[in-house]
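# Architecture at a glance
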Amino acid sequence: MNAPAYNFAYLDEQTKRMIRRAILKAVAIPGYQVPFASREMPMPYGWGTGGVQVTAAILGPSDVLKVIDQGADDTTNAVSIRKFFVRTAGVRTTTSTEQATVIQTRHRIPEAPLSSHQILVFQVPIPEPLRFLEPRETETRRMHALADYGLMHVKLYEDIARHGHIATTYAYPVEVAGRYIMDPSPTPKFDNPKMNDCPALQLFGAGREKRIYAIPPYTRVISLDFEDHPFERYRLDGTCALCGATDSFLDEVIADDHGGRIFVCSDTDYCEKRRNDHALLTDSGHD
Amino acid sequence: MITRCLRIAAMTDEEVPLAIAEGLSKWYGRQLGCRDVSFCLYEGEVIAVVGESGSGKSTLLRLLCAELAPSAGKVHFRTRDGVTRDLALLGEAERRFLVRTDWGFVHQDATLGLRMAVSAGANVGDRLMASGWRHYGRIRGTAADWLERVEIDRARIDESPQTYSGGMRQRLQIARSLVSQPRLVLMDEPTGGLDVSVQARLLDLIRGLVADLRLSVVIVTHDLAVARLLSHRIMVMKDGQVIESGLTDQVLDDPREPYTQLLVSSILPP
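So, here's what we can say about the structure. Only a predicted model underlies this, so the values are computations on that prediction, with no experimental measurement involved.

Before going further, it helps to spend a moment on the overall build of chain A. Counting its secondary structure elements, chain A contains seven helices and twelve strands. Computed over its C-alpha atoms, the radius of gyration of chain A comes to 20 Å, within 12% of the 19 Å expected for a compact globule of 287 residues. Along the longest, intermediate and shortest principal axes, the C-alpha atoms of chain A span 65 × 60 × 40 Å. A buried classification covers 43% of the 287 residues belonging to chain A. A separation of at least 24 residues holds for 61% of the contacts in chain A among residues at least 6 apart in sequence.

In this assembly, 13 residues from chain A lie in contact with 17 residues from chain B. Its residues assigned to classes, the side of chain A that touches chain B comprises six nonpolar, three polar and four charged.

A separate point is the sheet that holds strand β10 (residues 221-223) of chain A. Residues and elements named next belong to chain A. Pairing in this open sheet of three strands is antiparallel, and the strands run β7-β6-β10 from one edge to the other. A strand with exactly one partner marks an edge of an open sheet, and here the two such strands are β7 (180-182) and β10. On average, each strand axis in the sheet is inclined to that of its neighbour by 30 degrees, with strand direction left out of account.

Moving on, we get to unusual backbone geometry. Residue and element names in this part refer to chain A. In the Ramachandran plot, H107 falls in the positive-phi region, its phi being about 75 degrees despite a non-glycine side chain. Within the secondary structure layout, H107 lies in the loop between β4 (102-106) and β5 (119-123). Overall, the presence of 20 C-beta atoms within 10 Å leaves H107 in the buried class. The phi dihedral of K210 falls on the positive side, at around 60 degrees, and the residue is not glycine.

What counts as what
Residues numbered from 1 in each chain as written. Chains lettered and ligands numbered in written order. Predicted model: local features only at pLDDT ≥ 70, side-chain atom pairs only at ≥ 80, totals over all residues. Helix = DSSP H or I, 4+ residues; strand = E, 2+ residues; numbered from the N terminus. Rg over C-alpha atoms; globule rule 2.2 N^0.38 Å. Buried ≥ 20, exposed ≤ 12 C-beta atoms within 10 Å, placed from the backbone. Contact = placed C-beta atoms within 7 Å. Nonpolar A, V, L, I, M, F, W, Y, C, P; charged D, E, K, R; others polar. Pairing = 2+ DSSP bridges. Axes fitted to C-alpha atoms, helices over the stretch in contact; angles between N-to-C directions.

Geometric values such as these leave the question of function open.
Have a look at this one:
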C-alpha cells in the first residue's frame, strides 16, 4: 500500500531480498548452482540480465561500479549497463579496476589483481557445465549431487584424441573447493588461474537459466585436466600494439583492407594505464 | 542355527551366490511385468532367459540392476568386499558406483549403450574416467587393448561409433562394459538384428571372454541357439512367469512344459 515510489537500484525490495538469499546460499555452497526467480529486465536475454540482477541486489549507494564487456569499458553492452545503474541507482562509476568496488563483467576477468573489498559479477549465458554432454536437467542435477563427473573428462579426452591437446579455450570447466564442477562462464581459459585463491568475491548470474552461483574469497579453484596433459593457459603469441604488453590477453584487430592485423590488450583499462605510465616515464626522462 | 552360521563362514566365494533374486514381481499399474521370479547366480555362471516378446524378460533384467524398483521381492548382490547386500537398500550413489564398476550392460540397440557423439576410445575409457583415472596415456592404452580384444582395429580408436557397422558397435559395447572388470554382465538380445555370420563371431567372442574373465552373465534372448551356445542354465518365461528352468541342455533336449516344447519345435532346421 505505502510502498516507496522509488527503490534504490531498480529492483523492488522483495526481489532484492530473494536474490540476496540466493547469493548467500551460493556463497555458502561454493560452485553450486542456486535456482532463483529471475525477473524480466529491460534488456534482452543474453545481454546480461543475470549479471544486472546480481549487481542490482548487492549495489549500495557508496559503491563504485565498473562494467566491462570482453575486457573493454567502452563497448555497447558495458556502456548501456553502466548508464542503467547511473540512472537507477545514481552510483559513481569508473573504468579503473583498482577504484571499483563492484565490477560486472562479460567474458573476462581484469588483468589487474583484485582485492578483498571488491566483488566481481559475471554474466553467464549457460551455467551448466554438463549441458552439452547431458541434455537432461534432472540428470545433470543428479550428477552434481552425486559428484558423478566422469563425463567431464570424457569431453577432455575427446579433445586430446581429436586435436592432440585440450582444445577447449573458453568456458573451461573448473572444480570449486574440491566439490562442484563449475562453468566459469565463457571467460578465456587464460583467466582460469585468476579465480583460484582470489581475494575478491566472485558471483555468477544467469538470467535466462535462472541460476546464481559463487566462488567465495580465497577458494581453491582447479581447472580440470589429465596428469599427462596438464592445464595450460592460452594467449595469442604477440605484444599489444598500443602498450607493448606481453603478459595480457590479446584481441586480434584487422587494421586495414589488405589483411593487416594488430594485437591489442582485451582489457582496455590495463592497456590505458600502461600507456599513461609509459608517457609519464618518458616525460620525466625529458626533464 | 549355529551350525548354519558356521557353514556360511566356511563357504568360499565360489559357494556364495553372486546375485540372488527372491520372489521378484513387477506390475506396471494393472499390467504385469513379471511375477515371482527367484534364482541364484553363481560366479562364472551364465543364465539364459528365453521367452517370446512381452514375456517379462527385459523387465527382469532391469529389476536385477535396480534400474526398476520391484513391486515385490528383493535382489541381493555380493559386492567386492564380500558382503551380500539388498539392492533396494543401496543409495543412488552406491548403485551408480556398481553400475560403472561391477556391472556391465550390453543392449540390443547399441546406441543405447554407447555414447554416439564421442570416439570409440572415449567410449571405452568412459568407465575408467568415471572411476577416477586421470592419465590420458594409460586410459588410451587400455582402451586400445580392449578394442583389440574385441577384434576392432586399433587404428579406428578415434573414430565415432557412428562409422561402425552393427556388429562392431556391439563389440564396442562389450569392450566398454568389460573394461572395468565387472563381475556381473547383463545382456539384452546382444545378437539381435545382426546377420548370421556376424552373430556367430560375436557369440564366439562372448563365449571366450566369459570363460577367460569368469564372468557371471544373465543373457536375455529369444534365440534358443544363443542360449544353447552360451548358457549353463536356462529359464523359460511366459506371461511374466518362469515356467521352466534347469540345465540348458536338459531343458532344450527334453522340454517338459508344452510352451517350451513349442519353442524348441519352432526352430527352423537349417
